Amino acid sequence: MHSTTRITKWSTAFAAGALALGLAACSGGTTPAGDDGAGDGGAEGPITIGFVAVGPEGAWRAANEQNVQDTFTAEAGFDLKYAPATNLDQKSQIDAFTSFVDEGVDVILLSATEGSGWEASLKRAQEAEIPVILVDRGIEPDDPSLYVTRLAPDNVEVATAVGQWASDTFPDGAKYFTLEGPTGVGVVNERNEGFDSVIGKRSDFVKVGAQTANWSTEEAKSVIETVLKANNNDIQYIFAQNDEMGLGAVQAIEEAGLVPGVDVKVSTIDGTKNAMQALADGKLSFVAEYNPLFGDTLLEVVNTVLAGGSVDSQIIVPSTTFDSPEAAKAALPDRKY
Ligand code: AHR
C-alpha cells in the first residue's frame, strides 16, 4: 500500500482540456507523502491500483484490459492488481472491490459487469478515501458523487452515429432487429438511447424486435436464424451492439441463403480487427469504433487525482466510424486491436 495520506478532494471541476495537456489542476486535497503525482510512487514504493475488471468477454475487452495492464507497469511505478470477474459474475467483482478497500490500495479502477448494485461498495471506498475511476462501464442510477470520473467513449454519441448512418442508408425505412449486450449492462441502455434518438423519429423504420445475444457470435447467429425464419427473411437491417454479435448475424444471413450487405445490412460497435475485415469484405456495412485503447488518458487521470488535482466527472475517449470497404481497407494496416 502506498502512504496513508489519501485524496480528500472529491470535486469534479476540471476541464478535460487541461487534462489533455497533462496539467494537474491542484484544487486542494492531499497527495500521498513522497508522491509527486508522477506515478513513480515516490519514496513510499509503488502506487497500488486495484483493477476490478470484467475478464474474458471478447476482443474489445481483451484489448482494453491489456492496454490498462500495459500502462500501469512496475517500471512506471505501479503495482496493478488485476481482478477479473469470475464468469462475469458481479458478486466476484464486489468481493474483489471490497478486498481492495480493505487492503487500502491507492486507486480502484472499476469496469462493472452490471450497471446497478454498486452504491454500497462505492460508499465504502469513499469512506476509506480511495478514489474510484469507472473504466468503460457506467453505474445505474448514475451518481457522480460516488466516483471520481468515468473514462469511456460516449456510447450515446457512438450509437447516434449508427442511427444516423442507418437513417441515411435506408431513405425509405427498413424492418430491423436489435442485438443487445447482456441485460443490466449500462452501455446497452446508452446505445439504445443514441440509436433511438435518430431512428425513433423515423416511422418507416419498423423494429421487429430486440434481444440480447450476450456479446456472443454464436448466440447472435442463433437469434438471427430464428428472426429471419419468423419474418420470412423480410428483414433489411440488423443493429448489433458489438462486433461479435454482428459477425454472428452475418453467419445467420449467409446460412439463410441471403447476401450480407446486400439483402440484409449489419452495423456493429467496437471496431475490432475481425469486424473491420468483415467491413472490408462487404459483409458488414458499418462499424462504429468504441476505442478501448485509453490507457494513456487513464494514466493522466490517475496521476492528476493522486497529485491532488480534480477531473471532470466524465471524460470522453474519442472514437470514429467506418462506412465502407474502402475505409476499412485503409484503416486495417494501422489497427491496434
Ligand atoms: O462495454 C463495452 C462493451 O463490452 C463492448 O462494446 C463489448 O464488445 C464489450 O464486451
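Below is a summary of the structure that appears in this document. (Residues numbered from 1 in each chain as written. Predicted model: local features only at pLDDT ≥ 70, side-chain atom pairs only at ≥ 80, totals over all residues. Heavy atoms only, no water.)

**A few points about unusual backbone geometry**
Stated precisely, the cut-off is as follows: By the criteria applied, helices consist of DSSP H or I runs no shorter than four residues and strands consist of E runs no shorter than two, each listed in order from the N terminus. Throughout, exposure labels follow a simple rule: accessible area from a 1.4 Å probe, protein chains only, divided by the maximum for the residue type, with under 20% read as buried, over 50% as exposed, and the rest as partly exposed.
Pro 141 follows Glu 140 through a cis peptide bond whose omega is -5°. Of note, Pro 141 is situated in the loop between β4 (132-135) and β5 (149-152). Notably, Leu 88 is not glycine yet its phi reads approximately 60°, a positive angle. Tracing the chain through its elements places Leu 88 in the loop between β2 (78-84) and α3 (90-103). With relative accessibility at 37%, the residue Leu 88 sits in the partly exposed group.

**Notes on the site of the ligand**
What counts here: To be near a molecule or strand, a residue needs just one of its heavy atoms within 4 Å of it. Under this definition, polar contacts are N or O atom pairs within 3.5 Å; protein pairs additionally need one hydrogen-donor-capable and one acceptor-capable atom, and for neighbouring residues in sequence, both atoms have to be side-chain atoms. Areas reported as accessible are Shrake-Rupley estimates using a 1.4 Å probe. Residue values count occlusion only from the protein chains shown. Space inside and on the surface of the protein is sampled on a 1 Å grid over the protein atoms alone, with a cavity defined as a set of points where a 1.4 Å probe fits but cannot get out and a pocket as an open set with protein on both sides within 12 Å along at least 5 of 7 lines; lining residues have an atom within 4 Å of a point. In this scheme, a molecule is assigned to a cavity or pocket if more than half of its atoms are within 2 Å of the grid points.
Taken together, Glu 57, Trp 60, Arg 61, Asp 136, Arg 137, Val 187, Arg 191, Trp 215, Asn 242, Asp 270 and Tyr 290 make up the full set of residues near the ligand. The contact in question runs from an oxygen atom of the ligand to an N or O atom on the side chain of Asn 242, over 3.0 Å. With respect to the ligand, the side chain of Asp 270 contributes an N or O atom lying 2.5 Å from an oxygen atom. Burial of the ligand by the protein chains amounts to 99% of its free accessible area of 280 Å². The pocket occupied by the ligand, as judged from atoms lying within 2 Å of grid points, is the largest cavity. For the shell around the ligand, the secondary structure elements donating two or more residues are α2 (59-71) and α6 (186-199).

**Brief notes about the layout of surface pockets**
The method is simple in principle: a probe with the dimensions of a water molecule rolls over the atoms, and the space it marks as empty is what remains. Our working definition: Grid points are joined across faces, edges and corners, and a volume is the space filled by probe spheres set on the points. Only Asp, Glu, Lys and Arg are considered charged in this grouping, and only Ala, Val, Leu, Ile, Met, Phe, Trp, Tyr, Cys and Pro are considered nonpolar; every other residue, Gly among them, is considered polar.
Taken as a whole, the largest pocket holds about 160 Å³ of empty space. In this structure, the largest pocket is lined by Gly 138, Ile 139, Glu 140, Pro 141, Asp 142, Pro 144, Tyr 147, Arg 150, Gly 186, Glu 190, Ser 313 and Gln 314. Tallied by class, the residues present in the lining of the largest pocket amount to 4 nonpolar, 4 polar and 4 charged.

**Some points on the packing of α3 against helix α4 (residues 119-127)**
Helix packing geometry: the angle between the two helix axes and the distance between the axes. Operational definition: Where helices are involved, their axes are fitted lines through C-alpha atoms of the stretch in contact, as for all axes, and angles between N-to-C directions lie from 0 to 180°. Oblique is the label for any angle not under 35 degrees, not over 145, and not in the 65 to 115 range, which are roughly parallel, roughly antiparallel and roughly perpendicular in turn. In what follows, residue pairs with any heavy atoms lying within 4.5 Å of each other are defined as contacts.
Interaxial distance between α3 and α4 falls to 10 Å at its minimum, and their mutual angle equals 10°. Comparing their axes, α4 and α3 come out roughly parallel. Residue-level inspection shows Ile 94, Phe 97, Thr 98, Val 101 and Asp 102 of α3 in contact with α4, the latter providing Ser 121, Leu 122, Arg 124 and Ala 125. Residue composition of the contact of α3 with α4, by class: 5 nonpolar, 2 polar and 2 charged.

**What about the sheet that holds strand β1 (residues 47-53)?**
Sheet strands associate in pairs through backbone hydrogen bonding, adopting either a parallel or an antiparallel arrangement. Quick note on the threshold: At least two bridges found by DSSP between two strands are what make those strands a pair.
With parallel pairing, 6 strands are arranged side by side in an open sheet as β2-β1-β3-β4-β5-β11. Of all the strands in the sheet, the pair left with one neighbour each is β2 and β11 (314-316). Neighbour-to-neighbour, the strand axes of the sheet open up by a mean angle of 20°, direction not taken into account. For β5 and β11, the ladder comprises 3 bridges, and the chain directions are parallel. Across the sheet, residue Ala 152 finds its bridge partner in β11, namely Ile 316. Contacting β1, β2, β3 (107-110) and β4, α2 crosses the sheet at an angle of about 160° to β2.

**Some thoughts on the packing of aromatic side chains**
Here is the rule we go by: Between rings of Phe, Tyr and Trp, where Trp is taken as its six-membered ring, a pair exists when centres lie within 6.5 Å; planes separated by under 30 degrees are stacked, by over 60 edge-to-face, and by other angles tilted. A ring is scored as having a charge over it whenever the NZ atom of a lysine or the CZ atom of an arginine sits within 6 Å of its centre and within 35 degrees of its normal.
For the structure shown, the criterion picks out 14 aromatic pairs. A centroid spacing of 5.8 Å and a plane angle of 50° characterise the contact between Phe 51 and Tyr 82, whose relative ring orientation is tilted. Of this pair, Phe 51 sits in strand β1 while Tyr 82 is found in strand β2, placing the two residues 31 residues apart along the sequence. Classification of Phe 51 by relative accessible area gives buried; the value is 0%. In this structure Tyr 82 comes out as partly exposed when scored by relative accessible area, which is 32%. Centre to centre, the rings of Trp 165 and Phe 286 are 5.1 Å apart; their planes meet at 20°, and the pair counts as stacked. With a gap of 121 residues between them, Trp 165 in helix α5 (residues 155-169) and Phe 286 in strand β10 (residues 286-289) connect regions that are remote in the sequence. On the basis of relative accessibility, which here comes to 11%, the residue Trp 165 falls in the buried class. Accessibility expressed as a relative area gives 3% for Phe 286, which makes it buried. One aromatic cluster is present, formed by Trp 165, Phe 170, Tyr 176, Phe 195, Phe 205, Tyr 237, Phe 239 and Phe 286 through successive ring pairs. Here Arg 191 stacks its cationic end above the ring of Tyr 290, 4.5 Å away from the centre of that ring.

**Some words on the side chain of Ser 92**
On the secondary structure map, Ser 92 appears in helix α3. Taking the relative accessible area as the measure of exposure, Ser 92 reaches 16% and is therefore buried.

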